[in-house]
Amino acid sequence: MRTTIERIRAMRDAGERFAMVTAYDYTSARLVERSAVETILVGDSVGMVVQGHDSTLPVTLDDMIYHTRMVARGASRPLIVADLPFGTYAIEDDAVRAATRLMAEGGCQSVKLEGGVAQASTIRRLVEIGIPVLAHIGFTPQSVHALGVRVQGRGRDQARRVLRDALAVQAAGAWGVVLELVPAQLAAAITARLDIPTVGIGAGAGCDGQVQVWHDLLGLYEDFVPRHARRFRSLGGETVAALDEYAAAVRDGSFPAASNASSWDAAEVAAALEGVDDLGGVDGSEGLG
């Protein structure tokens, strides 16, 4: 049975924490399906960890629909949230079109967008037409060139701004809010003031849930390791070791073994090929040369 937004809210109300992880394709979604993780984010972080860009900005709506569709095929249990990419929701009408396509064609159960007070009216409009919204405040990666990659909310004015953003998205109807790169104490204080779940990333343990990037927690992406990420496995190194073993086995002839191939009696093979020296020999005609 699909995890619902209502279930996530109930967990929050009961004081139970929940986990969210990014996924970008069918195989990763199938693995999440078998795990205890409740929610999947099809993040625009795909632009960096899959497409090789240096930010999320080049990711298109068609990209997001493509990846969300693959994840939806692989995961029938977790709640699937998909990012609205940069430039698709600056105008409310554009936001409606983009979010509608992402849900209808991608198969997610909610969209996520970045921004607080400035996006409140857009969130409200999406919610009014039946599109669930997970908001995202604090450090917002789509604003990287304006904000830089740094903690948001330090100091009296900044802390109040982050709180105002959180209250604004709640009032607009967002079912939850991601707090990214916010001091742990501020994130905990905001969580205590809200009636909707908070999802932390680089915001400490005081949030209701946590989200991590697939490649970070599995140790698959080594170009940059964020401070807030924890490698629960080092699969990147294990993958390289497996590839080296494969290459060595090919070179020394130990792969493929007999068990890795089909077989046919050698005498029957010889009889079947007898007299066939070129393409023309198969039907008795002359060769091509």
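Residues numbered from 1 in each chain as written. Predicted model: local features only at pLDDT ≥ 70, side-chain atom pairs only at ≥ 80, totals over all residues. Heavy atoms only, no water.

- Under the annotation held in an unreviewed UniProt entry, the chain carries the name 3-methyl-2-oxobutanoate hydroxymethyltransferase and is attributed to Microbacterium aurantiacum.
- Checking UniProt for the chain, the heading Catalytic activity (unreviewed entry) contains the comment "(6R)-5,10-methylene-5,6,7,8-tetrahydrofolate + 3-methyl-2-oxobutanoate + H2O = 2-dehydropantoate + (6S)-5,6,7,8-tetrahydrofolate". (UniProt positions renumbered as here; feature names shortened; annotations may be inferred.)

Notes on the UniProt feature "binding site: Mg(2+)" (unreviewed entry) in the chain
Line of reasoning, step 1. This chain's UniProt record puts "binding site: Mg(2+)" (unreviewed entry) on Asp-44, Asp-83 and Glu-114. For the residues just named, distributed over 71 residues, the greatest C-alpha separation is only 11.2 Å, placing them together at one site.
Line of reasoning, step 2. You can see Asp-83 is positioned in strand β3 (residues 79-83).
Line of reasoning, step 3. Residue Asp-83 is classed as buried on the basis of its relative accessible area of 3%.
Line of reasoning, step 4. Not counting residues up to four positions away in its chain, the partners in contact with Asp-83 are Leu-41, Val-42, Gly-43, Asp-44, Met-64, Leu-102 and Lys-112.
Line of reasoning, step 5. Structurally, Glu-114 is set in strand β4 (residues 110-114).
Line of reasoning, step 6. In this structure, Glu-114 is in contact with Asp-44, Tyr-89, Gln-119, His-136, Thr-140, Pro-141, Gln-142 and Ser-143, ignoring residues within four places of it in sequence. (Helix = DSSP H or I, 4+ residues; strand = E, 2+ residues; numbered from the N terminus. Buried < 20%, exposed > 50% of the residue type's maximum accessible area, 1.4 Å probe, protein only. Contact = heavy atoms within 4.5 Å.)

Section: the pattern of salt bridges
Line of reasoning, step 1. Using the criterion set out here, one finds nine salt bridges in the structure.
Line of reasoning, step 2. Note that Asp-93 and Arg-125 form a salt bridge whose closest N and O atoms lie 2.6 Å from each other. Linking Asp-93 in helix α5 (residues 92-106) with Arg-125 in helix α6 (residues 120-128), this pair joins segments that are 32 residues apart in sequence.
Line of reasoning, step 3. Arg-125 gets classed as partly exposed once you look at its relative accessible area, which sits at 30%.
Line of reasoning, step 4. A salt bridge links Arg-161 to Asp-165, with the shortest nitrogen-to-oxygen separation between them at 3.8 Å. Of this pair, Arg-161 and Asp-165 both sit in helix α8 (residues 156-172), separated by four residues, roughly a single helical turn. (Salt bridge = Lys/Arg side-chain N within 4 Å of Asp/Glu carboxyl O.)

With respect to the pairing of β4
Here is the key point about a regular strand: its side chains alternate between the two faces of the sheet.
Line of reasoning, step 1. With respect to burial, β4 is a largely interior element, five of its five residues being buried.
Line of reasoning, step 2. Residues of β4 alternate between two faces, with Ser-110, Lys-112 and Glu-114 on one and Val-111 and Leu-113 on the opposite face, all of them buried.
Line of reasoning, step 3. Handedness of the crossover joining β3 and β4 through α5 is recorded here as right-handed.
Line of reasoning, step 4. Relative to strand β5 (residues 133-138), β4 runs parallel, the two being bridged by four bridges. Paired with Glu-114 across the strands is His-136, a residue of β5. (Right-handed = clockwise from strand over helix to strand, strands pointing away. Pairing = 2+ DSSP bridges.)

Focus: the nonpolar core
Line of reasoning, step 1. Counting 57 residues, the largest nonpolar core has Leu-84, Leu-102, Val-111, Ile-123, Val-177 and Leu-179 as the members making the most contacts within it.
Line of reasoning, step 2. Looking at this core element by element, the count peaks at six residues for α8.
Line of reasoning, step 3. Setting aside anything within four residues of it in sequence, one finds Val-177 in contact with Leu-134, Ala-135, His-136, Ile-137, Val-169, Leu-194, Ile-196, Pro-197, Thr-198 and Val-199.
Line of reasoning, step 4. In terms of nonpolar packing, the next biggest core, distinct from the first, is built from 14 residues, Ile-5, Val-81, Leu-134 and Val-211 among them. (Core = buried A, V, L, I, M, F, W, Y, C linked by side-chain atoms within 4.5 Å.)

So, the environment of Glu-105
Line of reasoning, step 1. For Glu-105, the location among the structural elements is in helix α5.
Line of reasoning, step 2. Glu-105 sits in the partly exposed class, given a relative accessible area of 33%.
Line of reasoning, step 3. Glu-105 sits 40 residues away from Ile-65 along the chain, and the two C-alpha atoms are 6.4 Å apart.

Details of the sheet that holds strand β2 (residues 39-42)
Line of reasoning, step 1. One closed barrel accounts for eight strands, arranged β1-β2-β3-β4-β5-β6-β7-β8; its pairing is parallel. Strand-to-strand, the axes of this sheet are offset by a mean angle of 25°, without reference to chain direction.
Line of reasoning, step 2. Bridge analysis of β5 against strand β6 (residues 176-180) gives five bridges, and the strand direction is parallel. Looking across to β6, one finds that Gly-138 is bridged to Glu-180. (Axes fitted to C-alpha atoms, helices over the stretch in contact; angles between N-to-C directions.)

Thoughts on the side chain of Thr-3
Line of reasoning, step 1. Mapped onto the elements, Thr-3 comes out in the segment before α1 (5-13).
Line of reasoning, step 2. With residues up to four places along the chain from it excluded, the contact list for Thr-3 reads Ile-8, Glu-38, Arg-77, Pro-78 and Leu-79.

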